[in-house]
Amino acid sequence: MTKKSIEEVKFEEAEKLADELHAIAMFNENITCLVNVSYNEEESINTTTFVAGKKNALLAMYEEITEHLVYELMKGHDCMSNVVSILEAGKDGTMAGLNKFTKEAKEQTNENN
């Protein structure tokens, strides 16, 4: 096996674990889960993301993840550009999620008519 194919196999294993975590959280209302597994390919990133939980718990988790992300990036490069990059990524993700929701809601409305 080549290194790439081993990495691909391990990514598939990680995706299965993410599926299991998502299923556990979906059927246990007091478990909050936010899982992202990414595999960096040559020209793109293959990613799987699952979210399950109550709004307040998810927002608290987002806050904690953001805190750790800022801390880790600042340890590697002590510059405010890291904070700006995280804020921009959050804004971009927020707009992408809103656009996806709006598109799906519109499609659902069209299907119901």
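For the structure, check the block above.
Everything quoted here is computed from the prediction, not taken from an experiment.

*Asks:* Even after reading the chapter, I still don't get the packing of helix α2 (residues 55-76) against helix α3 (residues 81-112), so can you show me in this structure?
*Replies:* Angle between the axes and distance between the axes are the two parameters that describe a pair of packed helices. Put simply, α2 and α3 touch, their axes get as near as 9 Å, and they point 145° apart. Seen from above, α2 lies across α3 with right-handed handedness. In this structure, α2 contributes Y62, T66, L69, V70, L73 and M74 to the contact, and α3 contributes N82, V83, I86 and G90. When its residues are assigned to classes, the contact of α2 with α3 shows seven nonpolar, three polar and no charged.

*Asks:* What is the right way to read the nonpolar core from this model?
*Replies:* Across soluble globular proteins, you tend to see nonpolar side chains buried next to one another. By size, the foremost hydrophobic cluster in this structure holds nine residues: F11, A18, A25, C33, V35, V37, Y39, F50 and A52. Elements with a minimum of two residues in this core: α1 (3-26), β1 (33-40) and β2 (45-52). With four residues, the single largest contributor to this core is β1. Those residues in contact with A52 that sit more than four places away from it in its chain are H22, A25, M26, I31, T32, C33 and L58.

The rules behind each value
- Think of each chain on its own: its residues are numbered from 1, step by step along the sequence as written.
- Where totals are concerned, whole chains, interfaces and linings use all residues; where local detail is concerned, this predicted model gives features only for residues with pLDDT of at least 70, and gives and counts side-chain atom pairs only at 80 or more.
- To get the side-chain values, all heavy atoms of the structure are used, and hydrogens and water are removed first.
- Axes here mean lines fitted to C-alpha atoms, for a helix over just the part in contact, with angles spanning 0 to 180 degrees between N-to-C directions.
- Numbering of helices and strands runs from the N terminus, with a helix taken as a DSSP run of H or I at least four residues long and a strand as a DSSP run of E at least two residues long.
- By convention the crossing between two helices is left-handed if the near helix lies anticlockwise of the far one by an angle smaller than a right angle, and right-handed if it lies clockwise.
- In what follows, a contact means two residues having at least one pair of non-hydrogen atoms within 4.5 Å.
- Residue type decides the class: Asp, Glu, Lys and Arg count as charged, Ala, Val, Leu, Ile, Met, Phe, Trp, Tyr, Cys and Pro as nonpolar, and the leftover types, Gly among them, as polar.
- Put simply, buried Ala, Val, Leu, Ile, Met, Phe, Trp, Tyr and Cys residues joined by side-chain atoms within 4.5 Å make one nonpolar core.
- The cut-offs for exposure are 20% and 50% of the maximum accessible area for each residue type, with area from a 1.4 Å probe on protein chains only; residues under the lower value are buried, those over the upper are exposed, and the others partly exposed.

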